[in-house]
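# Results of the structural survey
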Amino acid sequence: MMPLHYALTDGLVCAVAVWGAWHLMRGNKPVGALGVALFALAAAIGTVRVTSGLIEPLGMAHRFASQIGGLLGLLLILWQIFEATTGRIRPLFGIAICVSAVGLEIIVPVAGAPIYVLALLSGIALFVLDRKGGKPNIGAAMGFGVMLPNVLFLRQSSLLGPDLSWHLFHCVIALWLILTVLALTPKRAENAAALSSVA
């Protein structure tokens, strides 16, 4: 059995991801919104899995949504970052990359982690280069890079123990989603800040 408190941070990720997908859609970033929505789906399944007690019956669905859906979600977010910092990607080309990467993970599961890390490093590099912005976007790069140590060190850490590792891992995912969504919608973030300062 998984402790009921595991649902708290899974639920947090779900709530943040729902907000992020909505925020990106309103900012005309549909590809990124779909990517973030896949994180919401995985977290929602995880929350239901823990709270319902259906640990085994929902285990495979949760793992698939977390691993395959998480990789696809990251690649879609990376696609949106490329369009925000560099230029437009032809839809067929973007779809081909996503399908190839996800297909490779399904066929060769050990390939998933290296692809995930490579995608994170690519996103950091895109924000640093930021051709459209004309100067390095270090803040966005650092925000997107928050996920790298999370995947490499916090997930299932033997030093932290299963409970603390679980909650820190999911809290960092939620933070990463917030920072990435705000980095992809800087004008909306600036407008919100301006409105709050006026109020």
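One can find the structure itself at the top, above this paragraph.
Read on for an overview of the structure. (Residues numbered from 1 in each chain as written. Predicted model: local features only at pLDDT ≥ 70, side-chain atom pairs only at ≥ 80, totals over all residues. Heavy atoms only, no water.)

Running from amino to carboxyl end, helix α5 (residues 112-129) crosses helix α7 (residues 147-154) at an angle of 155°, the nearest separation of the two axes being 9 Å. As summarised for this structure, α5 and α7 are arranged roughly antiparallel, according to the angle between their axes. For the crossing formed where α5 meets α7, the hand is left-handed. Packed against α5, whose contacting residues are Y116, V117, L120, L121 and I124, the element α7 presents M147, L148, V151 and L152 at the interface. Looking at the contact of α5 with α7 residue by residue, the classes come out as 9 nonpolar, no polar and no charged. (Axes fitted to C-alpha atoms, helices over the stretch in contact; angles between N-to-C directions. Helix = DSSP H or I, 4+ residues; strand = E, 2+ residues; numbered from the N terminus. Parallel < 35°, antiparallel > 145°, perpendicular 65-115°, else oblique. Left-handed = near helix turned anticlockwise from the far one by under 90°. Contact = heavy atoms within 4.5 Å. Nonpolar A, V, L, I, M, F, W, Y, C, P; charged D, E, K, R; others polar.)

So, about the packing of aromatic side chains. This structure, assessed with the given rule, holds 4 aromatic pairs. Here a set of aromatic residues connected by ring pairs shows up, and it is made of F39, F127, F144 and W176. (Phe/Tyr/Trp six-rings, centres within 6.5 Å; stacked < 30°, edge-to-face > 60°.)

A word on the environment of W79. Relative to the assigned elements, W79 resides in helix α3 (residues 59-85). Residue classification places W79 among the buried residues on the basis of a relative accessible area of 10%. The spacing of W79 and M25 is 54 residues in sequence and 15 Å in space, taken between C-alpha atoms. If near-sequence neighbours (up to four positions away) are discounted, W79 is found in contact with V31, I89, R90, P91, G94, I95 and C98. (Buried < 20%, exposed > 50% of the residue type's maximum accessible area, 1.4 Å probe, protein only.)

The first and last C-alpha atoms of helix α4 (residues 91-107) sit 24 Å apart over 17 residues, in line with the 24 Å expected at 1.5 Å per residue. Turning to α4, its buried residues are G94, C98, A101, V102 and E105. For α4, the angular spread of the buried residues around the axis is 90°, confining them to a single face. Away from its buried face by more than 90 degrees, α4 exposes L92, F93, V99 and I107. On its buried face, α4 sits against α3 and α5. (Expected span 1.5 Å × (residues − 1). Arc of directions from axis to C-beta.)

Notably, N28 is not glycine yet its phi reads approximately 60°, a positive angle. Mapped onto the fold, N28 is located in the loop between α1 (6-26) and α2 (30-52). Even without glycine at this site, D130 takes up a positive phi of about 35°. Structurally, D130 can be placed in the loop between α5 and α6 (138-145). With a relative accessible area of 10%, D130 lands in the buried category.

Bringing the pattern of salt bridges into the picture now. Taken as a whole and assessed by the stated rule, the structure comprises 1 salt bridge. In this structure, R88 and E83 form a salt bridge, with 3.5 Å as the shortest nitrogen-oxygen distance. (Salt bridge = Lys/Arg side-chain N within 4 Å of Asp/Glu carboxyl O.)

By volume, the largest pocket is sized at about 980 Å³. In this structure, the largest pocket is lined by 34 residues; those nearest its centre are S66, Q67, R155, Q156 and F169. The set of elements that each furnish at least two residues to the lining of the largest pocket consists of α1, α2, α3, α4, α5, α7 and α8 (162-184). No other element matches the 9 residues that α3 contributes to the lining of the largest pocket. For the lining of the largest pocket, the residue count by class is 21 nonpolar, 8 polar and 5 charged. (1 Å grid on protein atoms, 1.4 Å probe; cavity = no way out; pocket = protein on both sides within 12 Å on 5 of 7 lines; lining within 4 Å. Points joined across faces, edges and corners; volume = space filled by probe spheres on them.)

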